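# Fold and contact review
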Amino acid sequence: MSERALGRAFLTPAFVVMGLLALFPIVYAAYESLFDFDFFTRTDFVGLANYVDQLTSPRFWSAVFVTIAFTVVSVTLEFIVGMIFALIMNAAFKGRNVTRAVILLPWVVPTVIAGQMWRYLFEQRPGYINEWLGLGAIDWLGSGASMFWAVVIADWWKTAPFVGLLLLAGLQTIPNEVYEAARVDGATWTQRFRNVTLPLLTPSIVVALLFRSVDALRIFDLADIMTNARLETLSVLAQRSIVRAPQPDIANTLAVLTFVMIMGIGLIFIAMMGRDVVGEPEEGS
Amino acid sequence: MSKNPFLLRAVGLLAVLALVAAACGPAPDEDDEAAPDPEDTAFTWAVTGADGPTMEAVADLWNEENPEQQVELELLPPEADDQRQAMFNDQVTEAGQYDVLGLDVIWTGEFAEAGFIENLEDMRDSVEGTSIPGAIESAQHEGELYALPYSTNFGFLYYRTDLVDEPPETWEELYDTVLEVQEENPDIDGYVGQGDSYEGFVVNYLEFLWSDGGEVFDEAATESLLLEGDHAEKAITFMRDAFEEGVFAADFNTMVEDDARLAFQAGDAIFMRNWPYAYPLLAGEDEDDPTEVADDFDIAPMPAFEGAPVDTISTLGGLNNAVSTLSENQDVAREFVEWAATDDGPQEILAEMQPPPTKASIYENYEDIVPEDQAPVYEVLNLVREDARARPPVPGYNSFSLAVQEELHGVYADGDDPGPALEAVNEAAENALVEDPEDVIEEEADVDEDE
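Residues numbered from 1 in each chain as written. Chains lettered and ligands numbered in written order. Predicted model: local features only at pLDDT ≥ 70, side-chain atom pairs only at ≥ 80, totals over all residues.

It is worth spelling out the overall build of chain A at this point. For chain A, the helix and strand inventory stands at twelve helices and two strands. Starting at the N terminus, the α and β elements of chain A follow one another as α-β-β-α-α-α-α-α-α-α-α-α-α-α. Dimensions of chain A along its principal axes, counting C-alpha atoms only, are 75 × 75 × 30 Å. When the 285 residues of chain A are sorted by exposure, 33% land in the buried category. Considering only contacts within chain A whose residues lie at least 6 apart along the sequence, 68% involve residues at least 24 apart. (Helix = DSSP H or I, 4+ residues; strand = E, 2+ residues; numbered from the N terminus. Buried ≥ 20, exposed ≤ 12 C-beta atoms within 10 Å, placed from the backbone. Contact = placed C-beta atoms within 7 Å.)

Here it is as C-alpha cells:
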C-alpha cells in the first residue's frame, strides 16, 4: 500500500463518522420531506408536493422576508460595532485587558438568558427601556415592526462582541512594521485604516460576515423567547410545525428549504469574496 | 496560542463559569425519602410539574393505600407544549414509560384519534353524576370517554372593591366603569388577563365569544358555527376597541396568567380575568410575594355581553387522566385513574391545595373541606360551574387553537382586518373536525371526478 493509500485508509473512519453525524440527518430530512404524514406516521409518497405547498404559501415567503431582513440589518449593525470593538481591543492602552473582558461579556451570556433579560427590559411593565429613553408606552414586543427592532437590538448587543473577537484575531496578524512604514510615509489614521488595515483584514472580515450571516439566518431563540414566536422567522416556523402543530411533513420541508437557502448564501459568500480565504494556509499559528 | 494569552484567558473564564454553573445546580438525591421502593413500583403517572406539590401529595396518598402497587410520579415540564411533546415522544418511540397520562383537557380528541389512549367508556358509570359535567365533556371523544376527570379550573373576575362598588355584569358595563375610574385615576390600568399569543388567549377569546351566545361548533361537533351571526366578530372587535381605548392594559397583548396577577397584585389594575390560584396570593398568603390589594379586592363571575342568552361564562381548564395504550399495567392504571376521579382522598387534596377538584360533592360541601381563606373562591366557583364550558376536545383542537392565536392576536393588538382572519379561523375549525383534512379534500375531488 502506498503511503497515500494508507493515509486515505486511516482517514476513512473519521470521514464516515462525520458523514453519519452531519450528513445523515440532512439527507433523512430531505427524504422524509417527500412523504405525507399522518401525525408522526409516514404515509404516502407525494414527491415534491410539500415543496409546492410551501413555495406557494404566503406565510413561508413572509418568514423568508423576515429572516433575510433580520440577517441583513443585524449583521450590518454587528459588523460596524464589532469593528469598533476590535480596534479598541487591539489598541495599546492601560486597562486594555479589563476593557476586553467587558466588551466580551455579552457574548458569554447564554442566548436564552440574554433573551429573557431583553424581554424584561423591553416589556411595558415595569418598562425600563421606555422609561430610560423617555419613550412613553411603546409596545416593543407585542406586534408590528417594533418587535423586529427589539430582537435586532438584542442580537446586536449579544453578537457584536463575537464579530469584534474574530476581527481582533485578524488585526493581531497585521505586523506593526506595516503601520510604521505607513506612518513614515505620512499616512493619516483614516488612510492607514483604509489602505492598510482593511485590505489586510479582508480574510477575517469575510469569515466574520460568513459566520454571522449563516448564524443570523437560523435565528430562533431570541424571536421565540422575546416575542413568543410572533416574529416568525424560518426557524420559528419550522419549530412550530414540528413541536406545536405537529406536522412533520411541513417541518421537514421547511428545514430542507432553510438548509438550501443558508447553504446557497454561504456558497455565494465564499465564491464572491472569499476565494483567498478558502484553502489558504492559516497565518501565524 | 502563546501569541495571544488573551484568548486563552477568555477560554479559561468560560470554563470557570461553566464550573460555577454546575456547582449551582441542585445536589442530586437529597430528597429520596418519598421515592417508592423500585421493587413495588407498578406503574408510572406522567403529569404536569406546574402543581408539583399537589401531584406529589396525591401520589403519596395512593402509595400509602397501595403498598404493593406503588405509583412512580413523573413530573413533566410545566409548559403544556413540553408535556405534550414528552408524551408524544413516549408514544412515537414506543418507549411506553408512562402508564397514566395527565392530559390537558384540550388533548383528549387528539390523543384518542392518534390511538395513544385507551377507550374508558366502560367506566362512565363511576363518573357520571359524580364529576362535574364540563369535566366529563372534556374527557370525551366522539361521545365516548377516553379519560376520567381529575382536576379543573375556572376563570372569574377579580375586581377592586376600593374603586368599584359592584362588579359589572356585562362587558359594556365593565368598559364604561374602567373609563369612569380612569377619569379620577388616570394612571391605573383597566382590565388585565391573558392576551399573549398562546393558549391562554384562546381561553379568553372563547369567553368573549361564548358570553355573546356565539359557538365554535354545533353540539355534536359536526360543523363550525363560528361565523353564524356576528358573535365572533363582535368578540374580537370588542377586544380591539378595548385595547385601543386603554380599557385593556397597554401590555395586555403580551400578558400571561402571572403577568396579569402581578399587575393586579401591585394595585395597577381595576379588573382581572384569572384562575383561582391568584386568590390566596392576592390575599397575602406568601410573605415573599407582597400584595398591595389584600383588603381591596373581591371576586365575581365573568360578565357577559348585553342581551346575550347567558349571564356568565367560564372556560374550563384542568387535567384528565388517561391510560396509555402502550401500558403493560392496564388494570392498575385504570384503577388509579378511577380512584383519582372519584375517591374523596385525592379530590380533597386538590380542594385543599391547587388546582380545584372535579368531584361535584366537594363543591356542595366545600365549607367542611376547603381552608377558610379559600371559601370565597368556592362560593364563586359554585356560581360559575354550571355555566362553565369545556373547550371542544375535537381531534384538531390544537390546529384550531394555533389559528386563533396566529390570526386573531394581530386583529385586536395590531389592527389587522377581522374578516379574513375569522375566515381562516373558521377554516381551521372545520378542518379540526376531521381526521386528516387533506384526505377529505382528496376524497371530495375523487367524488367530483366520478360524477
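Glancing now at the sheet that holds strand E8 (residues 189-192) of chain B. Each strand in a sheet pairs with another by means of backbone hydrogen bonds, the pair being arranged parallel or else antiparallel. All names here are of chain B. Pairing is mixed across the open sheet formed by four strands, whose spatial order is E8-E9-E7-E10. Each having just a single partner strand, E8 and strand E10 (297-300) make up the two edges of the open sheet. Strand after strand, the sheet turns through a mean of 15 degrees between neighbouring axes, direction not considered. Of the strand pairs in this sheet, strand E7 (residues 156-160) and strand E9 (residues 269-274) are connected by four bridges, and their pairing is antiparallel. Bridge assignment links tyrosine 158 to a residue of E9, and that residue is methionine 272. (Pairing = 2+ DSSP bridges. Axes fitted to C-alpha atoms, helices over the stretch in contact; angles between N-to-C directions.)

The subject of this paragraph is the interface of chain A and chain B. Taken together, the contacts link 24 residues of chain A with 25 residues of chain B. Elements supplying a minimum of two residues to the side of chain A that touches chain B: helix H4 (96-108) and helix H11 (234-244) of chain A. Broken down by class, the residue content of the side of chain A that touches chain B amounts to nine nonpolar, eight polar and seven charged. (Nonpolar A, V, L, I, M, F, W, Y, C, P; charged D, E, K, R; others polar.)

Moving on, we get to the domain arrangement of chain B. Much of the literature gives interface size as the accessible area that the parts lose upon coming together. All names here are of chain B. If you check the domain split of chain B, you get domain 1 (38-152 + 317-370) and domain 2 (156-315 + 393-432). For domain 1 versus domain 2, the distance between C-alpha centres works out to 28 Å. Facing the 13 residues of domain 1 at the interface are nine residues of domain 2. Going through the elements one at a time, helix H4 (108-113) and strand E4 (140-141) are the ones with two or more residues in the side of domain 1 that touches domain 2. A total of four residues in the side of domain 1 that touches domain 2 trace back to one element, the largest contributor, which is H4. Within the side of domain 1 that touches domain 2, the residues separate by chemical class into four nonpolar, seven polar and two charged. (Domains from an automatic or database assignment.)

The next thing to look at is the sheet that holds strand E3 (residues 100-104) of chain B. Residue and element names in this part refer to chain B. Strands sit in the order E2-E1-E3-E12-E6 across an open sheet of five strands; the sheet is mixed. Each having just a single partner strand, strand E2 (70-76) and strand E6 (148-153) make up the two edges of the open sheet. Sheet twist, expressed as the mean angle between neighbouring strand axes with direction ignored, is 20 degrees. Bridge analysis of strand E1 (residues 41-48) against E2 gives seven bridges, and the strand direction is parallel.

Ranked by internal contacts, the top residues of the largest apolar core, which has 123 residues, are Tyr158 and Phe336 of chain B. In terms of residue count, the dominant contributor to this core is helix H17 (residues 397-414) of chain B (nine residues). Viewed by domain, this core spans two of them, domain 1 (38-152 + 317-370) and domain 2 (156-315 + 393-432) of chain B, each represented by three or more residues. Not counting chain neighbours up to four residues away, the residues in contact with phenylalanine 336 of chain B comprise Phe43, Trp45, Trp62, Val71 and Val100 of chain B. With 50 residues, the next largest nonpolar core counts Ile103, Ala154, Leu167 and Ala229 of chain A among its residues. (Core = buried A, V, L, I, M, F, W, Y, C linked by C-beta atoms within 7 Å.)

Once that is clear, we can look at the environment of alanine 147 of chain B. With respect to the helices and strands, the residue alanine 147 of chain B is situated in the loop between strand E5 (144-145) and E6. Discounting chain neighbours no more than four positions away, the residues touching alanine 147 of chain B are Leu103, Thr108, Ile117, Leu120, Ala139, Asn320, Asn321 and Ala322 of chain B.

A separate point is unusual backbone geometry. Cis geometry marks the peptide bond from arginine 125 of chain A to proline 126 of chain A, where omega comes out at 5 degrees. Relative to the helices and strands, proline 126 of chain A is located in the loop between helix H5 (111-122) and helix H6 (128-132). Between glutamine 354 of chain B and the following residue, proline 355 of chain B, the backbone shows a cis peptide bond with an omega angle of -15 degrees. Within the secondary structure, proline 355 of chain B is located in the loop between helix H13 (344-352) and helix H14 (360-364). The phi dihedral of glutamate 94 of chain B is positive, around 55 degrees, even though this residue is not glycine. Within the fold, glutamate 94 of chain B resides in the loop between helix H3 (80-92) and E3. Positive phi, close to 55 degrees, is recorded for alanine 221 of chain B, a residue that is not glycine.

Our focus in this paragraph is helix H9 (residues 231-244) of chain B. Residues and elements named next belong to chain B. Between its terminal C-alpha atoms H9 stretches 20 Å, which fits the 20 Å expected from 14 residues at 1.5 Å a residue. All buried positions along H9 are accounted for by His231, Ala232, Ala235, Ile236, Met239, Ala242 and Phe243. Buried residues in H9, looked at end-on, bunch into an arc of 135 degrees, giving them a common side. Looking at the buried positions of H9, the neighbouring elements they touch are helix H7 (171-184), E8, helix H8 (199-210), H17 and helix H18 (418-432). (Expected span 1.5 Å × (residues − 1). Arc of directions from axis to C-beta.)

This paragraph deals with the packing of helix H2 (residues 52-65) of chain B against H13 of chain B. Residue and element names in this part refer to chain B. Running from N to C, H2 and H13 point in directions that differ by 160 degrees, and their axes come no closer than 10 Å. On the basis of the axis angle, H2 is roughly antiparallel to H13. As for how H2 packs across H13, the hand of that crossing is right-handed. Contacts from Thr54, Ala57, Val58 and Leu61 of H2 reach H13 at Gly345, Pro346, Ile349 and Leu350. Each residue belonging to the contact of H2 with H13 can be placed in one class, and the counts come to six nonpolar, two polar and no charged. (Parallel < 35°, antiparallel > 145°, perpendicular 65-115°, else oblique. Left-handed = near helix turned anticlockwise from the far one by under 90°.)

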